[in-house]
Each structure stands twice: as structure tokens, then as C-alpha cells.
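# Topology and contacts: notes
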Amino acid sequence: MLLVRLAFRNAFRHRLRSLLTILGVMVAILAFGLLRTVIDAWYSGVASSSANRLVTRNAVSLTFSLPLAYKEKIRAVPGVTKVCAGNWFGGIYIDEKNFFANLAYEPQTLLELYPEFVIDDADQKAAFLRDRKGCLVGAKLAKRFGWKVGDNITLRGTIFPGDWEMTVRAIYRGARSTTDETQLFFHWAYLDETMRANYPARAGQVGFYLVGIADPDKAAEISKAVDAQFANSLAETLTETEKAFQMSFVSMSEAIILAIRLVSFVVVLIILAVAANTMAMSARERTGEYAVLKTLGFRAPTVALLIAGESLVLSLTGAGLGLALIIPCAKAFGTFMTDFFPVFAVSDQTILYGLLAGVAVGVLSGVYPAWYAARVRIAVALRKVG
Amino acid sequence: MAIPLSYSWRNLLTRRATTALTAGGMALVVFVFTATLMLAEGLRQTLVATGSPDNAVILRKSSETEVQSSVDRSSANVAATMPQVAVDVEGRLMAAKELIVLISLTKKSGTASNVAIRGTNYASLELRPQVVLKQGRLPEPGSTEIMVGQSVVSKFAGVGLGQSLRFAQRDWTVVGVFDAGNTGFASEIWGDAEQLMQAFRRQSYSVVVVKLSDASDFEAYRSVIEADPRLQAEVKRERKYYEDQSKALSRFLKVLGISLTAIFSIGAMLGAMITMYSAVANRVGEIGTLRALGFKRREIMLAFLAESLLLGTLGGAAGTFFAAFLSFMTFSTTNFQTFAELAFRFTLTGEIASWSMGFALFMGVVGGFLPALRASRLNIVEALRSG
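A quick note: this is a predicted structure, and the numbers were derived from the prediction, not measured.

If you tally the helices and strands in chain B, you get 13 helices and 12 strands. Once the C-alpha set of chain B is aligned to its principal axes, its extents read approximately 95 × 45 × 35 Å. For chain B, the proportion of its 387 residues judged to be buried stands at 56%. Contacts in chain B between residues at least 24 apart in sequence constitute 79% of all its contacts with a sequence separation of at least 6. Carbon and sulfur atoms form 60% of the exposed surface of chain B, whose accessible area is close to 15600 Å². In chain B, which carries 39 positive and 31 negative side-chain charges, the distance between the mean positions of the two groups comes to 12 Å.

Turning next to the layout of surface pockets. In this model, the second largest pocket occupies a volume close to 690 Å³. In this structure, the second largest pocket is lined by 28 residues; those nearest its centre are A:Ala255, A:Ala259, A:Leu262, B:Phe331 and B:Phe346. If you tally residues by element for the lining of the second largest pocket, the top one is helix H11 (residues 254-285) of chain A, at nine residues. Of the residues contributing to the lining of the second largest pocket, the split by class is 19 nonpolar, five polar and four charged.

In terms of nonpolar packing, the biggest core is built from 87 residues, with A:Trp42, A:Ile256, A:Ile260, A:Phe341, B:Phe264, B:Phe344 and B:Met363 touching the most fellow members. The leading source of residues in this core is helix H2 (residues 15-42) of chain A, at 12 residues. Leaving out residues up to four positions away in the same chain, A:Trp42 has contacts with A:Val250, A:Ser253, A:Ile256, A:Ile257, A:Ile260, A:Phe341 and B:Phe252. By size, the runner-up hydrophobic cluster in this structure holds 44 residues, among which are A:Val60, B:Met197, B:Val208 and B:Ala233.

Residue and element names in this part refer to chain A. Counted at 1.5 Å a residue, the expected span for helix H14 (residues 348-375) with its 28 residues is 40 Å, and the 41 Å between its end C-alpha atoms agrees. Of all the bends found along H14, the most pronounced is centred on Val367 and spans about 40°, while Pro369, a proline, follows it within four residues. Those residues of H14 not exposed but buried are Thr350, Gly354, Ala357, Gly358, Val361, Gly362, Ser365, Gly366, Pro369, Ala370, Tyr372 and Ala373.

Taken together, the contact between chain B and chain A spans 57 residues of the former and 52 residues of the latter. With both chains or domains summed, chain B and chain A bury close to 4600 Å², and 70% of this area falls on carbon and sulfur atoms. The tally of links between chain B and chain A comes to zero salt bridges. If you look at where chain B meets chain A, you find seven residue pairs in polar contact (both at pLDDT 80 or more). Elements with a minimum of two residues in the side of chain B that touches chain A: helix H2 (16-50), strand E2 (95-106), strand E3 (112-120), helix H9 (247-282) and strand E11 (330-334) of chain B. Among the elements that take part in the side of chain B that touches chain A, H9(B) stands out by supplying 21 residues, more than any other. The residue makeup of the side of chain B that touches chain A, split by class, is 27 nonpolar, 21 polar and nine charged.

Turning our eyes to something else, we now look at the packing of aromatic side chains. Considering all chains together, one arrives at 33 aromatic pairs over all chains under this definition. Plain terms: the ring middles of A:Phe117 and A:Phe185 are 5.2 Å apart, the flat faces sit at 35° to each other, and that makes the pair tilted. One end of the pair, A:Phe117, is in strand E5 (residues 117-118); the other, A:Phe185, is in strand E9 (residues 184-187), with 68 residues separating them in the sequence. Residue A:Phe117 shares its accessibility class with A:Phe185, and that shared class is buried. Judged by centre distance (6.0 Å) and plane angle (75°), the ring pair of B:Phe185 and B:Tyr242 falls under edge-to-face. Taken together, the residues B:Phe185 in the loop between strand E7 (170-179) and strand E8 (188-192) and B:Tyr242 in helix H8 (residues 238-245) connect sequence positions 57 residues apart. Pair check on accessibility: B:Phe185 and B:Tyr242 agree, each one buried. Put simply, the rings of A:Tyr105, A:Tyr114, A:Phe117, A:Tyr172, A:Phe185, A:Phe208 and A:Phe245 pair up and form one aromatic cluster. Over the aromatic face of A:Tyr114 sits the side chain of A:Arg53, whose NZ or CZ is 3.8 Å from the ring centroid. One Lys or Arg, A:Arg375, reaches over the ring of A:Trp371 and ends 4.7 Å from the middle of that ring.

A probe matching the size of a water molecule, rolled over the atoms, marks out where space remains unfilled. Residues and elements named next belong to chain B. Enumeration over the complete set of coordinates arrives at seven cavities of 30 Å³ or more. In this structure, the largest cavity occupies an estimated 210 Å³ of space. As for the largest cavity, its lining consists of 20 residues, of which Glu66, Glu188, Tyr242, Thr338 and Ala340 are closest to the centre. Counting residues per element, the ones that place at least two in the lining of the largest cavity are H2, E3, H8 and strand E12 (341-345).

To continue, consider the environment of B:Ala186. All names here are of chain B. With respect to the helices, strands and loops of the structure, Ala186 is situated in the loop between E7 and E8. A relative accessible area of 1% places Ala186 in the buried class. Once the C-alpha coordinates of Ala186 and Ala343 are considered, the two residues, 157 residues apart in sequence, prove to be 7.6 Å apart. Leave out the neighbours within four places in its chain, and Ala186 touches Gly149, Gln150, Ser151, Val152, Ala180 and Gly181.

This part is about unusual backbone geometry. In this structure, A:Asn232 is a non-glycine residue whose phi angle is positive, near 65°. Here A:Asn232 is to be found in the loop between helix H9 (219-229) and strand E12 (237-241). You can call A:Asn232 exposed: its relative accessible area is 62%. The residue B:Ala168 is not glycine, and still its phi comes out positive at about 50°.

Okay, the packing of H2(A) against helix H13 (residues 300-336) of chain A next. Residue and element names in this part refer to chain A. The contact between H2 and H13 brings their axes to 7 Å, and the two run at 45°. Classed by the angle they form, the pair H2 and H13 counts as oblique. H2 and H13 meet at a crossing whose hand is right-handed. Of the residues that constitute the contact of H2 with H13, the class distribution is 16 nonpolar, seven polar and no charged.

Once that is clear, we can look at the state of the cysteines. Each disulfide consists of one covalent bond between the sulfur atoms belonging to two cysteines. Residue and element names in this part refer to chain A. Enumeration according to the criterion identifies zero disulfides over all chains in this entry. Cys84 forms no disulfide, and the closest cysteine sulfur to it belongs to Cys135, at a distance of 16 Å. Classification of Cys135 by relative accessible area gives buried; the value is 0%.

What counts and how
Position numbers for residues count from 1 along each chain, tracking the sequence in the order it is written. As a convention, the first chain written is A and the first ligand written is 1, with the rest following in written order. Selection of residues for local features in this predicted model requires a pLDDT of at least 70, selection of side-chain atom pairs for listing and counting requires 80 or more, and totals for whole chains, interfaces and linings are taken over all residues. Excluded from the side-chain calculations are hydrogens and water; all other atoms, namely the structure's heavy atoms, are used. A helix here means a DSSP run of H or I that spans at least four residues, while a strand means a run of E at least two residues long, and both kinds are numbered starting from the N terminus. Each residue's exposure class comes from its accessible area (1.4 Å probe, protein chains only) as a fraction of the maximum for that residue type: buried when under 20%, exposed when over 50%, partly exposed otherwise. The contact criterion used is simple: two residues touch if any of their non-hydrogen atoms lie within 4.5 Å. Residue exposure ignores everything except the shown protein chains as possible cover, and the areas themselves are Shrake-Rupley values with a 1.4 Å probe. Positive residues here are Lys and Arg, negative ones are Asp and Glu, while His and the chain termini are left out of the count. Charged groups are reduced to one reference atom each: NZ for lysine, CZ for arginine, CG for aspartic acid, CD for glutamic acid. Points on a 1 Å grid, built from protein atoms alone, make a cavity when a 1.4 Å probe fits but cannot get out and make a pocket when they are open with protein on both sides within 12 Å along at least 5 of 7 lines; residues with an atom within 4 Å of a point are the lining residues. Grid points are joined across faces, edges and corners, and a volume is the space filled by probe spheres set on the points. Ten residue types, Ala, Val, Leu, Ile, Met, Phe, Trp, Tyr, Cys and Pro, are classed as nonpolar, four, Asp, Glu, Lys and Arg, as charged, and the remainder, Gly among them, as polar. Take the buried Ala, Val, Leu, Ile, Met, Phe, Trp, Tyr and Cys residues and link them wherever side-chain atoms come within 4.5 Å; each set so joined is a nonpolar core. The span one expects for a helix is its residue count, reduced by one, times 1.5 Å. A residue's bend is given by the angle between axes fitted to the 7 residues ending at it and the 7 residues starting at it. Once two parts are joined, some of their accessible surface, as seen by a 1.4 Å probe, is lost; buried area is that loss totalled over both. Salt bridges are defined as contacts in which a side-chain nitrogen from Lys or Arg sits within 4 Å of a carboxyl oxygen from Asp or Glu. Think of a polar contact as two N or O atoms within 3.5 Å of one another; within protein, one of them needs to be a possible hydrogen donor and the other a possible acceptor, and neighboring residues in sequence only count if both atoms come from side chains. For this analysis, a ring pair means two rings from Phe, Tyr or Trp (six-membered ring only for Trp) whose centres lie within 6.5 Å, classed as stacked if their planes differ by under 30 degrees, edge-to-face if by over 60, and tilted for the remaining angles. Charge-over-ring contacts are defined here by two conditions on Lys NZ or Arg CZ: a distance within 6 Å of the ring centre and an angle within 35 degrees of the ring normal. The convention used is that axes are lines fitted to C-alpha atoms, helices contributing only their stretch in contact, and that angles between N-to-C directions extend from 0 to 180 degrees. By the definition adopted for this analysis, an angle is roughly parallel if under 35 degrees, roughly antiparallel if over 145, roughly perpendicular if from 65 to 115, and oblique otherwise. By convention, the crossing between two helices is left-handed when the near helix turns anticlockwise from the far helix through less than a right angle, and right-handed when the turn is clockwise. Any two cysteine sulfur atoms within 2.5 Å of one another count as a disulfide.

Nothing here speaks to function; it is all geometry.
What follows is the structure, encoded as C-alpha cells:
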């Protein structure tokens, strides 16, 4: 007990220095937590994917389409419950800077396949399903542009030329915190009919099919059965689980993720340097005191423990403050980076790792000074002071 | 008389462990800072070098990338036969009607990524003097032969000379490897445009790239093409086009890198501050003596600031030194705008090195200012007594 009190007292003897150290650890833990959250955000699409959904796309690459005729053939595959045609639309709202995901889907099947898109108002839902030029937007997206139900908006097509007018008919919210609330969905029929009128060669083409299956354990089997149907055709397909599909986007930027992971380790190294520095200084300054403690009969391990305790007090206080700040900071950072990360939430794991990092820094930065103090010879240390 | 620099230097040497730890922390920050700038610069240089100043790109109106664009045959012919388009020695128009499609290939690391395949014609090579055949030979026009860029060869599996790729229901033989220097073309695969269009059942080209006989004709050329209602096309300078391609990615890299270093640098400055405060605390008596000897407050302050600046210099030099080794590495990632893989180098320029050093010195000044101020404010008598 005495030891704990002593460790606390020591930690705050040099008030300014301790404060600076705590601040340093705080900033670093904060940075570490934010970096991990950035990586989590990257994988949010993967995390929110369902095992009950498959994605069928052109085997060559996502930029190639599939014929509409495949839809019924896929539905006929045993185990498939629902099929929804979809296209990445890639439209621009007023300016390129306002990037957000916008896709064309068959509305009824989309809502059936994605129970996590919750439309609270039944009238809104019915209105969206009824209006061919209606669209469904996420709550965050609606908030970003101040859209309300009934607003008319125009998207400029980049892949599908022209100005596309639509009306906001419904707003969805996510059933979970990891659900992306920044997307816009509109009727696939609107897209196809407009293409049929203006560019007949591009009509009847589907970017990808969302496939609902009854039994997730049969995902591999069903994928194989779907792809076998179209083997050696003009448009061979590649069917994979939604998770694998989302993962393929993540792996495209694996180099950046790797860099961020590396950087988050660098952060821990920096805190370590700052904290170790402080501890080394305290140990050197207090060499005399340790000698006195030893003279009084305290054993070397006790003295070492005292120093390690001091180091832990400093680093844990800093880590605690840093962790307390993570959530508000992530919120601020998230609104700033909303173009890139639709979901930006701090996970429990991040908090846990932050805490572990704090403990690790406390222990590691205390090791050398503790060892030094335990080892120091009384006579030498006393002479230095005298 | 000012306190000599060697005094500050010797102080750092006395506390070797502390100096190394503080400078090390700063070095890590400078390293990350430099690496970010090097990455953004590498990306910029790669894409700027990809475009030539006197080439113009014709895309479908409001499509932002080649992949999204389509230009039908008759429009392509109109664009290629304008009087501003240059003619080569054999009297052929310097116009490349190209097709760009993305295919998914497996990387050596096992993951898949999109690679751009460019269907080319005779003019494609003439328009891009940066692209030079390195191994093998050029693909025969009208055949299913392809050549691959050196970044593709080094990053992807099964694309070496003599191997063949299967896509669009055909086998394509790799007959050549080309060196495109530090440009975006190095991440592409080139083959015959007409063959690729048939294989992928495309009716139209993606873009037309023309060389203008005079770069100053650009505006005239653009106004004619964009005013022509048959074409529904947009004309950009090739260099501008490639710069636009990098916007999203480079903005992302910059935002991420700058916010990271901003946070880190706070940590490093705190580290420097701790070190300098303790340097002052340890030498109160010494400072008193110096003052008693007649050194002025300003000189004491300068001596401690110099010490902190030296610390920053050490950190900055170490950080920049290690970051310089990154120049031997290429970084490869998917460009958000085109969805195709793009390899670029970490590029260190004199400007970046001076920014990094400046940043390190700035950290030194900020970290050392308050402690130095405190040292200079010490009361002579009290300082001497405490020593």
C-alpha cells in the first residue's frame, strides 16, 4: 500500500514533466485509436456483409456487365431465394467533390435482401416502391445535403450519360451502427428504360446480381452452380459471398492499409520514446534517493517495483485520457472524412488495444530505469549526491 | 559575447540516452511526414509524366475517366482528321483510337486487383515516347499478342514473357515487356485495339488521343470538337487529364498524412519539451554561474534554444536519411478514380527534404521555447544558491 502511494507521489513530484508525459501518452493513444478506427472503417463493408447474400458479377471484372436474361437462370438455381439486379451508377450531385455511393437496384428485392435498411415510415416505403423516379437515401446522406422526402434532385451520369432527375421518396436508417447510411438507391427500371430509349445497345445490361440464399452453409455450392450455368458463355460469371466481394475492394488498397498499420506501430514507438525518456530522467535524478531507500533496508526488487509503478501511473493516466477522448474525436474526424468513410465508429477492441498499449508502454519504459535503480551500488550512488 | 554553440552541443552529448530518445521520437515523426510528402510527390510526378504536353485526349462528355468514356467510330474519325492533328513521317495521322478495359488479375501476394488493358494502334507508341520496349518484341497488329508494363510484371503473377493470359474467351500471349519509366502506362497491358474490341464485343473506342502539330492549337481544336453536336465529346490536354485522375487519391493521401503527422508532432514536441525542461532543471546552478559571469538573459535563452534546435536537426536528419531509402521502393495501390492498379515511386525532392528539415527545426523551436524562456528568467542569486 505504501508502495502504491509512494509511486503516485513520485509520479507527480515533477508536476510539469509528468503533465507533459501524460499529454504525450494521451496524444499517442488517441492517434493509435484513430488509426485503428480508420482501418476498421475500411473494413466496414466487409463487417456489415451478410452470409445470406451472394454477389454474381462478370468474371472478367466488375466493369463488365451481365445480360438481364441471367436473372431468371440464377433464380432457378436450387437454394437461391431472391435475385436483385443492380448497377453502380457513379452519378455526380452538382460537383465531383460531393462524392457518395449511388446505385440502381430493383427496389422490392433490394429491401427484402437488406433488412438492415430500415424505413420507419410505411408510407415512405410504399411511395419509394411506387415511384419509378423515386430514390431512397441514407439518413447521414440526407443530413449532409439537407434533403427531405419530396425533394427533387438531379444526378449527372458519368457512366450513364445525361442528367438524371429523381425525387427523394424515403429515408432509411441502419439497423446496426456498422450499416452504411450514406448511399442512394434508385429504381433499376428507370436506368434501364432511359438507356433503352437513348443508347439501345446498352440496355438490358446488369452490373451485378445480388443473390439471396436460404442456407449460408451452402454458399460455396450455390456459387459454383451459378457459375457453372454460364461457363464458356459470352459473359462468364463469378459468384462469391458478399463478404468476399467487399473484401476484393478492400484488398485493392491493401498497400495503404499496410502503411496505416505500420504507422500505428510507429505511434506506439513514439510514445515509448517519450515515456522512456521521462523515466530515464527520473531514475537518473533520483539515484541518491534509491540509495537511501536501499540503505533503509528496502530490497532491490521493491525499489524496482516502485519505479515501474511510477511509470505505470503516468502511462495509464495518459492512456485513460486518450481513450476518453477517442469517441468525441472520432466523431469529429468522421464528419470530416465522410466522403471516404461512410461508417466511422470506435470498436470495443480498439479501446482494449489502446489500454493494452498504455500498459505496455508503462511497463517497457519502466524496465530499464527499474533495473538500473535495483542494480545501483549504495556507496557509489550516495557519493554522487554528496 | 554569445555562449558558443559547442556548449549546447556538449550538453546534448552528456545525456546521451535522453538525447537519443528525444531525437529518435522526432526522427520517427519526420520519417512519417517525409514519407507522406514523398508519396504524394511520386503520385504527382507519375501522372504528370504520363501525359505529354502537346497531346489532347477526346472523351465522351462528362465521363471523368477513360474507363467510363466511349467514342464511337465515326466520332473518332472526325476527331482524328481535324487539320490541327499532326502527321508523322510516313504521312499517317498521329491519332491513337484506343480502348481501355479493366480486367481482374491475381497479384503475386495472392489478392486480385484491376489492371487496365489498353487497345492501341500504330500511333499509340509514337504519341508516348516514354514507352519503350524492353524485352521481347512488339505485338503484331491484328493478332492476339499483348505486351505488358514492367510494374505489372513485377506485381502480378503469370504475366511474364511467353506466358499467356486468358480473358474474353481468348488466350493472349505476352510477347513483350515495355518500360514506361515512372508513368501510369507501366501499370497497363497493351494489345491491338481492333482485336480487343472484337473480343470484348465493344462497338466503340474509349478515347482518342491525338498529337497536335502545335501545342498552341489546343484551344482551337477543343472549341471545334466540343462545338460539334455529332460528337458529344470533351477535349482535355493529356497532362491535365492525368493530373485530374490523381486528385482523389492524392487528396486522400495528403489529408491522411498531414493529420497523422500533426498528431504525432504534438507527441514529439512534448518529448522535446520534457527533455529541455529537465536540461534546464538540472543546470540551474550552472545557469546562475553563467549569469554571474556576465552572460545576458538573451544569450542564455539562445544557448538553450540552440540546444533544442540541435536536437531537432538530429531528429530531422535521421528521419530524412531513413526516409530517403524509401525512394528505392514503389508503392502500388488502386486509384480510386479509375479503379485500376497504379504503381508509383516514393520520390524525394530537394523541396521535400527542406520541408522535412524545416518541420524538424520547427518542432525543436516549439519544444525548446518555453524551457529556454524559463532558463533565461532565472534569478541569479536563487539559481546560485540552489546549485
